[in-house]
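Here is what each chain is made of, one letter per residue.
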Amino acid sequence: MLDRALDWIDERAGIRAVWGAIFDRLIPRGVGWWYTFGSACLFLFILQATTGSFLAWYYSPTPDHAYDSILYIMNQVAFGSIIRGIHHWSASAMVVMVVAHMLRTFFFGAYKYPRELTWVVGVFLLLVTLGFSFTGYLLPWDEKAYWATVVGTEIAGSAPLVGDFILRLMRGGHELGAVTLARFYSIHVLLLPAAMVLFIGIHLFLVIKIGISAPPDDK
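A brief structural summary. (Residues numbered from 1 in each chain as written. Predicted model: local features only at pLDDT ≥ 70, side-chain atom pairs only at ≥ 80, totals over all residues. Heavy atoms only, no water.)

**A short note on the nonpolar core**
Soluble globular proteins tend to pack their nonpolar side chains together in the buried interior. Counting 18 residues, the largest nonpolar core has F45, M94, V128, F132 and M196 as its most contacted members. Broken down by secondary-structure element, the contributors of at least two residues to this core are helix 3 (37-56), helix 5 (80-107), helix 6 (116-138) and helix 9 (178-210). Apart from residues no more than four positions distant in its own chain, F45 is found in contact with M94, F132, M196, V197 and I200. In this structure, A66, W141, L181 and Y185 belong to the second largest nonpolar core, which totals 11 residues. (Core = buried A, V, L, I, M, F, W, Y, C linked by side-chain atoms within 4.5 Å. Buried < 20%, exposed > 50% of the residue type's maximum accessible area, 1.4 Å probe, protein only. Helix = DSSP H or I, 4+ residues; strand = E, 2+ residues; numbered from the N terminus. Contact = heavy atoms within 4.5 Å.)

Below is the structure:
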């Protein structure tokens, strides 16, 4: 019965061809652990999205309640401290892994023809990952998060000509406040996840279509 159901779906959606393109494709000889960084990045993003969705059930993005909601998650919600800990540390791990993935790609020369576009999309993925880290750092709304965001936005605001505009755009005004927190939260849970999913989809499509490069010794 299962085979018949799969045949019925495959006849209409071609799932076996998709499965074959993704999981049964040929890879170059000599590929090893250095090539697992991309998969690790994808796993960490899925972990971040899963734990972040749970945290969003209890988090309140207002200056009056943000810190209290974090305390509630840590002390009152079942497994809340574990899930927040996973979210916190996997965020740091994701930044490390994305940088490691790009360094491996660069030193192995995998950014060269015909994979230039794959590299460019990877750069955008790095920027989105850093955006997650920057916007998420403010959400606990404690003293460390507040002053770190003050410094970060002032650095952005020091850009020539457009600095003041960028500063007001990020803060929602000249000072950090309720608008800043709401703006960072909406970017963190809406805009950046949408951008990440889009760029991951393009990145994986290019990797599957063009293939991965062989290790330098086997080229």
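What follows picks up the thread again.
**Describing helix 9**
When the terminal C-alpha atoms of helix 9 are compared, their 46 Å separation across 33 residues agrees well with the 48 Å that a helix rising 1.5 Å per residue should span. Taking the largest bend as the criterion, helix 9 deviates by roughly 40°, centred on I187. Residues T180, L181, F184, Y185, H188, L192, M196, F199, I200, H203, L206 and V207 constitute the buried set of helix 9. Considering only its buried residues, helix 9 is in contact with helix 3, helix 4 (66-75), helix 5, helix 6, helix 7 (143-157) and helix 8 (163-171). Note on helix 9: the residue one or two positions beyond its end, G211, has a positive phi of about 90°. (Expected span 1.5 Å × (residues − 1). Bend = angle between axes of the 7 residues up to and from the residue.)

**A word on the packing of helix 7 against helix 8**
Two elements in contact, helix 7 and helix 8, have axes separated by 7 Å at closest approach and are oriented at 150°. Contacts from V150, T153, E154, A156 and G157 in helix 7 reach G163, D164, I166, L167, M170 and R171 in helix 8. A class-by-class count of the residues in the contact of helix 7 with helix 8 yields 5 nonpolar, 3 polar and 3 charged. (Axes fitted to C-alpha atoms, helices over the stretch in contact; angles between N-to-C directions. Nonpolar A, V, L, I, M, F, W, Y, C, P; charged D, E, K, R; others polar.)

**What to know about the pattern of salt bridges**
Per the counting criterion, the structure on display carries 5 salt bridges. Of the charged contacts, one joins R16 and D7 as a salt bridge, the two residues approaching to 2.9 Å between their closest N and O atoms. The exposure class of D7 is partly exposed, given its relative accessible area of 40%. Here D10 ties to R16 by a salt bridge, and the two come within 3.7 Å at their closest N and O atoms. Here the residues in one salt-bridge network are D7, D10 and R16, joined through shared partners. (Salt bridge = Lys/Arg side-chain N within 4 Å of Asp/Glu carboxyl O.)

**Observations regarding the packing of aromatic side chains**
All chains considered together, the criterion is met by 15 aromatic pairs. Aromatic side chains Y35 and F108 sit 5.9 Å apart centroid to centroid with 65° between the ring planes, which places their arrangement in the edge-to-face category. Here F108 lies in the loop between helix 5 and helix 6 and Y35 lies in the loop between helix 2 (15-23) and helix 3, a separation of 73 residues in the sequence. As far as the burial class goes, Y35 and F108 line up, both buried. Plain terms: the ring middles of F134 and F184 are 5.5 Å apart, the flat faces sit at 50° to each other, and that makes the pair tilted. One end of the pair, F134, is in helix 6; the other, F184, is in helix 9, with 50 residues separating them in the sequence. (Phe/Tyr/Trp six-rings, centres within 6.5 Å; stacked < 30°, edge-to-face > 60°.)

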